[in-house]
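# Results of the structural survey
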Amino acid sequence: MPELPEVETTRRGIAPYLEGREIREVIVRNRRLRVPVPEGLENALVGMRIGALERRAKYLILPVEAQPAGGEAVTAVGSDAHPEGAPGRALLWHLGMSGSLRIARLGESPKKHDHVDLVMEEGAILRYHDPRRFGFLDWLEGDTARDRRLARLGPEPLSPAFDDERLFVCSRKRRLAVKPFLMDNAVVVGVGNIYAAEALFLAGIDPRRAAGQISRERYVRLTAAIREVLAAAITQGGTTLRDFVSGTGEPGYFAQRLNVYGRDGEPCRRCGRELALVTLGQRASVFCATCQT
Ligand code: ZN
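Residues numbered from 1 in each chain as written. Predicted model: local features only at pLDDT ≥ 70, side-chain atom pairs only at ≥ 80, totals over all residues. Heavy atoms only, no water.

### As for the overall build of the protein chain
Defined as follows: Only runs of H or I of at least four residues qualify as helices and only runs of E of at least two qualify as strands under DSSP, and these elements are numbered from the N terminus. Only protein chains enter the calculation, and the probe is 1.4 Å; a residue is then buried if its accessible area is under 20% of its type maximum, exposed if over 50%, and partly exposed in between. Only heavy atoms matter for contacts: two residues are in contact if any of them lie within 4.5 Å across the pair.
Of regular secondary structure, the protein chain possesses 6 helices and 11 strands. Within the protein chain, the proportion of its 293 residues that are buried is 53%. Contacts spanning at least 24 positions in sequence make up 66% of the contacts within the protein chain whose residues lie at least 6 apart.

### With respect to the coordination of the zinc ion
What counts, and what does not: Distances up to 2.8 Å from the metal define which N, O and S atoms are donors, and 3.2 Å serves for Na, K and Ca; water is absent from the atom set, so sites may look incomplete.
Coordination of the zinc ion by the protein involves Cys268 (SG), Cys271 (SG), Cys288 (SG) and Cys291 (SG), with metal-donor separations of 2.2 to 2.4 Å. Look at where the donors of the zinc ion fall in the sequence and you get C-x2-C-x16-C-x2-C. A relative accessible area of 5% means that Cys268 is categorised as buried.

### Description of the side chain of Asp130
Counted only if it meets this: For this count, His and the chain ends are skipped, Lys and Arg are scored as positive, and Asp and Glu as negative. Salt bridges are defined as contacts in which a side-chain nitrogen from Lys or Arg sits within 4 Å of a carboxyl oxygen from Asp or Glu. Polar contacts here mean pairs of N or O atoms no more than 3.5 Å apart (in protein, one a potential hydrogen donor and the other a potential acceptor; neighbouring residues in sequence count only if both atoms are side-chain atoms).
If you trace the backbone, Asp130 turns up in the loop between strand S8 (124-129) and strand S9 (136-141). The side chain of Asp130 sits in the buried core without any salt bridge; Arg132 is the nearest counter-charge, 7.1 Å away. Only 3.0 Å separates the side chain of Asp130 from the backbone nitrogen of Arg133, close enough to count as a polar contact. Setting aside chain neighbours within four positions, we find Asp130 in contact with Leu95, Ser98, Gly99, His113, His115 and Gly135.

### Examining the sheet that holds strand S1 (residues 23-28)
In a beta sheet, neighbouring strands pair by backbone hydrogen bonds and run either parallel or antiparallel. Stated precisely, the cut-off is as follows: By this definition, two strands are paired if DSSP reports at least two bridges between them. Interaxial angle, 0 to 180 degrees, is taken between N-to-C directions of lines fitted to C-alpha atoms, where a helix line uses only the stretch in contact.
Reading across the sheet, the 4 strands line up as S1-S7-S8-S6 and stay open at both edges, with antiparallel pairing between neighbours. Whereas interior strands pair on both sides, the edge strands pair on one side only; in this sheet they are S1 and strand S6 (100-105). Here the average twist between neighbouring strands, direction ignored, is 20°. Direction of pairing for S1 relative to strand S7 (residues 114-120): antiparallel, over a ladder of 5 bridges.

### Notes on the nonpolar core
How we decide: The nonpolar core is taken to be a set of buried Ala, Val, Leu, Ile, Met, Phe, Trp, Tyr and Cys residues, with the residues joined through side-chain atoms within 4.5 Å.
Judged by nonpolar contacts, the single largest core of 30 residues is most densely connected at Leu45, Ile50, Leu62, Trp93, Leu118 and Leu126. Examining the composition of this core, we find that 4 residues originate from one element, helix H1 (residues 4-18), more than from any other. Not counting residues within four places of it along the chain, the set of residues in contact with Leu62 comprises Leu18, Ile50, Leu53, Ala90, Leu91, Trp93 and Leu126. One finds Phe162, Phe168, Val229 and Ala233 within the second-largest nonpolar core, a separate group that totals 26 residues.

### Here we look at a nonpolar patch on the surface
Rules: For patch building, the residue pool is restricted to those with more than 30% relative accessible area and no salt bridge; the joining distance is 9 Å between like charges and 5 Å between nonpolar side chains (Val, Leu, Ile, Met, Phe, Trp, Tyr). Accessible areas in this description were obtained via Shrake-Rupley with a 1.4 Å probe; residue shielding takes into account the shown protein chains only.
Taken together, the side chains of Met1, Met97 and Phe134 define a hydrophobic patch exposed on the protein surface, amounting to about 270 Å² of accessible area. Positionally, Met1 belongs in the segment before H1. By relative accessible area, which is 48% here, Met1 ends up partly exposed.

### Points about the packing of aromatic side chains
Here is the rule we go by: Stacked, edge-to-face and tilted are the three classes for Phe, Tyr and Trp ring pairs, Trp counted by its six-membered ring, which pair at centre distances within 6.5 Å; planes under 30 degrees apart are stacked, over 60 edge-to-face, the rest tilted. Should the NZ of a Lys or the CZ of an Arg lie within 6 Å of a ring centre and within 35 degrees of the ring normal, that charge is described as sitting over the ring.
By the definition in use, this model includes 3 aromatic pairs. With centroids separated by 6.3 Å and ring planes inclined at 55°, the aromatic side chains of Phe181 and Tyr219 adopt a geometry described as tilted. With Phe181 in helix H4 (residues 178-182) and Tyr219 in helix H6 (residues 216-238), the pair connects residues that are 38 residues apart, well separated along the chain. For the cation-ring pair, Arg270 lies above Phe201, with the distance from its terminal atom to the ring centre recorded as 4.6 Å.

### Notes on H1
Operational definition: Multiplying one less than the number of residues by 1.5 Å gives the expected span of a helix.
The end-to-end C-alpha distance of H1, which contains 15 residues, comes to 20 Å, matching closely the 21 Å that a straight helix rising 1.5 Å per residue would cover. Most of H1 sits inside the fold, with 12 of its 15 residues counted as buried. Of the residues making up H1, those classed as buried are Leu4, Pro5, Glu6, Val7, Glu8, Thr9, Thr10, Arg11, Gly13, Ile14, Ala15 and Leu18. Just downstream of H1 lies Gly20, where phi reads positive at about 80°.

Everything listed here is a matter of coordinates, which is why it stays silent on function.
Okay, here's the thing in structure tokens:
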């Protein structure tokens, strides 16, 4: 499943082909995604220009600007100033469980599960592939901060808003195990199963421990570990950027060197003990019972 680093890498990979460019054609081969592709999207997007791509949690935001004939582009979503009262607009894109976005070249035939194409001026095609169709794209109207899907999200883990106090303060009186607590988007966004498991290993914290019973000092270490694993994954993703351009297959959802995730029964890299598997919040959680307390 694409997690925050993959979505961020996707944003960086596709942005140079989209930003400041006009959409020439939109092809929807299958509307039945998790949210059906809005009717009329194809016509509404043609002639619009894409602004600076943003990411919020695992959502990609593609601002689109209408272009009045002969005039300056009308400001898109996220700005307070809407000339002539034009509503802000953007596309909100979520990759779901198995979605990916890549750049295809004009004339490159779509494959099975290639559901949506945005054909850009100069011939690049943003192509959406999603075998399980749990992803979606939808209009984002008006202020991004007030959208029901985005408004309740916690801070970005790599932003200053995710400070050393955040986890400690949010966790007081919580009996929930620390791992599902970390994966709660209201606490901090984008810490999925892989990165929660890896960060807890680095911080030496048992994933079963009640969130409310972990000290401030240990949460400071955990905060640093979360930043470290996510930043490392994004850096590593940067080496696969060429995969976003046609000819090299699907964009790489990068295999990293993981310490615990997916390694149950294998030896701990630190102490050699066999890694244990437990289910927390309905998710498999691998950890070392010696190194994590
Ligand atoms: Zn160990």
